[in-house]
Every structure is written in structure tokens, then in C-alpha cells.
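Structural overview for review
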Amino acid sequence: MKNLNITIIQSDLHWESIDKNLEMFSQKITAIAEHTDLIVLPEMFNTGFTMNTGLVAEQMNGKTMQWMWRLSKEKKCVL
């Protein structure tokens, strides 16, 4: 049986700033040196727990999903 390597990232979030959050998590994910199969991010990692959904809402193929697909491919893992 193969081992499943999981990386969990917990961090302070930038309130209502998708760009800042994605940049911060990009740095943290890129810095992971060992192989990981799954990276788990905090709930609402890209928006900072806002209730202002009109400000931060995205389409399913929006900035955050494009970011997740790109990093997942680069790291060869599930994000």
C-alpha cells in the first residue's frame, strides 16, 4: 500500500483580498520541498471570511480556480 502524504497549511488571511491571499499561499505552496499528494487550505482561504459576497464572488473558471489548477499541476498533487 502506498503512503498518502498530506500537507495542511494554516495562516492568517488578508481580508477581502483574493490577490494577496493567492500570492501568500503561492509562496507557502512553492516552498514545500517534500512530495505531497494533497494540500489542504483553510476555509475561505482566498477571501478571508467575508460576508460581502458581491465583492469577492468569482465564476467557476475564475482567478482562484485557475490558480488552483496551475499550482496543482506544478506540484503534481490535489489542492
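Here is a short report on the structure shown in this document. (Residues numbered from 1 in each chain as written. Predicted model: local features only at pLDDT ≥ 70, side-chain atom pairs only at ≥ 80, totals over all residues. Heavy atoms only, no water.)

**Examining the nonpolar core**
Counting residues in hydrophobic clusters, the biggest one holds 16 residues, and the most contacted among them are Ile29, Ile39, Leu41, Trp67 and Leu79. Broken down by secondary-structure element, the contributors of at least two residues to this core are helix H1 (18–30) and helix H3 (63–75). Looking at this core, the element that brings in the most residues is H1, giving five residues. If near-sequence neighbours (up to four positions away) are discounted, tryptophan 67 is found in contact with Leu22, Phe25, Ser26, Ile29, Leu41, Phe45 and Leu79. (Core = buried A, V, L, I, M, F, W, Y, C linked by side-chain atoms within 4.5 Å. Buried < 20%, exposed > 50% of the residue type's maximum accessible area, 1.4 Å probe, protein only. Helix = DSSP H or I, 4+ residues; strand = E, 2+ residues; numbered from the N terminus. Contact = heavy atoms within 4.5 Å.)

**Some points on the packing of aromatic side chains**
Taken as a whole, this structure holds two aromatic pairs when the rule is applied. Ring centres of phenylalanine 25 and phenylalanine 45 lie 5.9 Å apart, and the angle between their planes is 90°; on these two criteria the pair is classed as edge-to-face. On the criterion of sequence distance, the pair formed by phenylalanine 25 in helix H1 and phenylalanine 45 in the loop between strand S2 (38–40) and helix H2 (53–56) is long-range, its members being 20 residues apart. For the pair phenylalanine 25 and phenylalanine 45, one class covers both residues: buried. Linked through ring pairs, Phe25, Phe45 and Trp67 together constitute an aromatic cluster. (Phe/Tyr/Trp six-rings, centres within 6.5 Å; stacked < 30°, edge-to-face > 60°.)

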